[in-house]
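A closer look at the structure
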Amino acid sequence: MAWRSFLKQSQSNYKRIVVKIGSSLMYSKDNKLDVARIHAVSRQVAELLKDKKEVIIVSSGAIAMGMGVLKLDSRPRQLHILQACAAIGQNKLMNFYSQYFKKYSLVCAQVLLTWDDVSQRERYLNAKNTLLSLLKLGVVPVINENDTVATDEIKFGDNDRLSSLVAGLVGADLLVILSDVDGLLDKDKKTVVGLVEEITPSVRALACPTNKSRCVGGMVTKLDAAGICVDSGIPCVITNGRKNDSILNALKAQGTFFAPKKDFFAARKHWLAFSAKPQGKIIVDDGAKQALLNNKSLLAVGVLSCAGDFKPDDIVSIMDSAGGQLAKGKTSVSSIDLCQVKGKRFNREVVHRDNLVITQGEK
């Protein structure tokens, strides 16, 4: 196909690559740790670095490895048991990565993140600078969610989402999501969809959640991650991590390739849309909704109500009158003051258009 030929020619343009590895790839069919998979990843990363490319790994597996040590057959539901598994397994996971990267004279670095690390702008930029410094030093960052301390309020939810946020954070040229299937399967559940130019409702209907005992995620979360990526102008490939040279072949579009949007979010607005955590909600009328969709600022006269306790410069969700999220932005007023001036003329914008991003229709 012409598009695949074009993509193969453009693979040399991928300089900075994020690779996400799921828990299902860490284990063989009999639930034993598949160290050969980590070895294969290390070998391919070494080849990419020799080719003057930069690689960041987002790796699941800590909880699963902790479960193995504790001889647990199913994923615990209690948070403190999950965190104990993570504490045990994270050390084991990094030992394996260090061992196999060392075979290729490579150094890897452990980076543990929570949503707060990317939600707060200062910490977001600090995380970015740290990762870029590691790459400049020729080190391979191995990122995982900090499950040992993360609670529901500060969790990403899954490492698919984390990998897409990391890709946007560092300005990656490609996100490769290694799965245990060949890609997004068509309606017949046999044919791999080679190219996705837009993630439509019909494309999402092809996905289904996972039921694996050791994993959180599935094709649904992978599509969500791909959506975040393409909205950042970053292509994404979902491919089978059990196949030989899966990472190297992903650069040739083997699997399902998600084409990046041409009208993608700039870096700061990407942070607003996907990383920043809202501290409250502002509900607006239909007139304000249309004004926002036409790239106007939010004025107090169009505000119906607000919820939550937010301060000036906090991030808020902007909801339409039907309760759907319309936008996110940085407010210039507190929730207390906004309650006093809602529906009235006010001497400044509640959310200036430069500090606002439309998220209607986004996952």
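Our subject is the structure that appears above.
Residues numbered from 1 in each chain as written. Predicted model: local features only at pLDDT ≥ 70, side-chain atom pairs only at ≥ 80, totals over all residues. Heavy atoms only, no water.

Okay, unusual backbone geometry next. One non-glycine residue, Asn-295, lies in the positive phi region at around 65°. Classification of Asn-295 as partly exposed rests on a relative accessible area of 47%. Phi angles above zero are rare outside glycine, and Asp-313 is one such case at about 80°. If you trace the backbone, Asp-313 turns up in the loop between β10 (303–308) and β11 (315–319). Residue classification places Asp-313 among the exposed positions, given a relative accessible area of 52%. (Buried < 20%, exposed > 50% of the residue type's maximum accessible area, 1.4 Å probe, protein only. Helix = DSSP H or I, 4+ residues; strand = E, 2+ residues; numbered from the N terminus.)

Another aspect to go through is the nonpolar core. In terms of nonpolar packing, the biggest core is built from 49 residues, with Val-18, Ile-143, Val-166, Leu-184 and Phe-258 touching the most fellow members. The biggest single contributor to this core is helix α9 (residues 219–231), with 7 residues. Once residues lying within four places of it in the same chain are set aside, the contact partners of Ile-143 are Ile-56, Ile-57, Val-58, Ser-59, Val-111, Leu-113, Leu-131, Leu-162 and Val-166. Counting residues in hydrophobic clusters, the runner-up holds 37 residues, among them Ile-57, Ala-62, Leu-93 and Leu-248. (Core = buried A, V, L, I, M, F, W, Y, C linked by side-chain atoms within 4.5 Å. Contact = heavy atoms within 4.5 Å.)

Let us now look at the sheet that holds strand β12 (residues 325–330). On the basis of which strands lie adjacent, the open sheet formed by 5 strands has the order β10-β9-β11-β12-β13 and mixed pairing. Of all the strands in the sheet, just β10 and β13 (356–358) have a single pairing partner and so form its edges. Sheet twist, expressed as the average angle between the axes of neighbouring strands with direction ignored, equals 20°. For strand β9 (residues 280–284) and β10, the ladder comprises 5 bridges, and the chain directions are antiparallel. Bridge pairing links Lys-281 to Ala-307 in β10. (Pairing = 2+ DSSP bridges. Axes fitted to C-alpha atoms, helices over the stretch in contact; angles between N-to-C directions.)

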